[in-house]
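Listed here are the chains, written in short residue letters.
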Amino acid sequence: MKTIDLIKPDIYDAFQCKGAACRRTCCTGWRITVSKSEYQDLKAKLKHIDARSLQRLPETERTSKMYGEFVLEDETGCSLQSKEGLCQLQLSYGAEALPDVCAFFPRKGLRAGDEMELSLTPACERVLELLMEKEGSLEFVRQNEPLPPLPAAQISGRTAKADWKRHIQLEEFCILLLQAEDISLDQRMALLGLGIHEIDAYYKNGEGHKISSYIDQYLAALSETEDVSTLLPLKAFHPSFLLGNFFSFTAFSSRFAEVLDKVNKELQITVRAGSEPGTLAFSYPTEEYVRRRKQFDEFETRHPFFLENTMVMLFVLEHWASRPSDLHSIWEQYMYACWVYSNLKLALTACIETAASDEDLLDICVILLRGWIHSAEPKKQAIKHFHDTGCDTPAHMAMLVQAGGLHRWKNHLKKR
Ligand code: SF4
């Protein structure tokens, strides 16, 4: 049997789908697409169940990898789900009949030669629970095991070995900084940005060979700095900046309506025309935010590793800091990570007072991350916005990830 070196988070093997017990199954909340060969195979099978449950994508969007999609009902999601939340396709033909997206979710793999990295998306309810239950930082283990059946993205070509080595090195750098627990997670995110910005410049200048020594120098400089806050801007964005940010790129999709509505009601938001033509300004009673932020800080004290572990998993899943995509550099991807981080905190802060349990808060994360991580549009929009407004600098990102904290915000108010 072929074996391979697997690098995986220590919660990977503990994952088990909750099945019908999942309150927001992965059969709802996003587009579930299949390849052309899967479409043809499924169409034949679905004749006996419900032929209308699968359709071709519009011609302009159709490719061999993304060819068809399941028809989703607004409330219940995939129309193949039974009343009990069970999949009729699986019930009739067994798990082997499921298309890749259903069979392997929430797992994802990246492979180069005889090594494969595995991750789990926090857009799955059970994965988020595991991230919250973990009493410590995520650890990544390397084990030689049989090749898993997971269809993984491949790093191939002449430079595959060097590309893989760089990817692993950058990922280790990213995890090391995000897990530096003697400073706040906001500061860790900001310091990661200072490093990524430089590394990105090396990439752009064709000086990739300098990245390794730069990382060593940067980490050494950080360890010699007594107070890392001196490396970061003194100011943080006001929470109302976050709100505009959140609404601008979340409001365009009806998938987020449920959370938008909650945030709106909870913070008692007022929207008016902004100072620039065509812009909007948001405000809400200060005390509403302050009270909820205190509760959010308590939530973080109760679950000190939840946000850290979620961000680490997202960076590994999306390769934000380690592999430029066809469309975006690692700096641009890092900016999006800051956007996701700050907006996730804002949404949780807004909804925390009426959340009956931590599970309610995880549900909000599921809704948001399904749209933010598994769809290209919010990322494209947010990155474009940062560039268009000149907010695409490390200082702006540091202010963004530290926005909304009570201490900084109160100082800001006093100075005004
Ligand atoms: S979201 Fe996760 S736990 Fe829920 S049904 Fe899908 S795979 Fe299972």
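Structure: above.
Residues numbered from 1 in each chain as written. Predicted model: local features only at pLDDT ≥ 70, side-chain atom pairs only at ≥ 80, totals over all residues. Heavy atoms only, no water.

Student: How should I be thinking about the packing of aromatic side chains in this particular structure?
Tutor: Each pair of aromatic rings is reported with the distance of its centres and the angle of its planes. In this structure the tally under the stated criterion is 13 aromatic pairs. Pairing Tyr-39 with Tyr-67 gives two aromatic rings, centres 5.2 Å apart and planes at 65°, and the pair type is edge-to-face. Note that Tyr-39 is positioned in helix α1 (residues 36-46) and Tyr-67 in the loop between β3 (54-56) and β4 (68-70), a separation of 28 residues in sequence. You can call Tyr-39 buried: its relative accessible area is 9%. For Tyr-67, a relative accessible area of 12% corresponds to the buried category. Summarising the aromatic geometry, the rings of Phe-256 and Trp-372 are spaced 6.5 Å apart at their centres and angled 40° between planes, so their arrangement reads as tilted. One end of the pair, Phe-256, is in the loop between α8 (239-250) and α9 (257-267); the other, Trp-372, is in helix α13 (residues 358-373), with 116 residues separating them in the sequence. For Phe-256, a relative accessible area of 0% corresponds to the buried category. When its relative accessible area of 1% is taken as the criterion, Trp-372 is described as buried. Taken together, Phe-256, Phe-315, Trp-320, Tyr-336, Trp-339 and Trp-372 form an aromatic cluster joined through their ring pairs. (Phe/Tyr/Trp six-rings, centres within 6.5 Å; stacked < 30°, edge-to-face > 60°. Helix = DSSP H or I, 4+ residues; strand = E, 2+ residues; numbered from the N terminus. Buried < 20%, exposed > 50% of the residue type's maximum accessible area, 1.4 Å probe, protein only.)

Student: Where do I start with the site of the ligand in this structure?
Tutor: Close contacts around the ligand come from Phe-15, Cys-17, Lys-18, Cys-22, Arg-24, Thr-25, Cys-26, Phe-105, Cys-124, Glu-125, Arg-126 and Arg-370, and that covers them all. Residues that form the shell around the ligand fall into these classes: six nonpolar, one polar and five charged. (Near = heavy atom within 4 Å. Nonpolar A, V, L, I, M, F, W, Y, C, P; charged D, E, K, R; others polar.)

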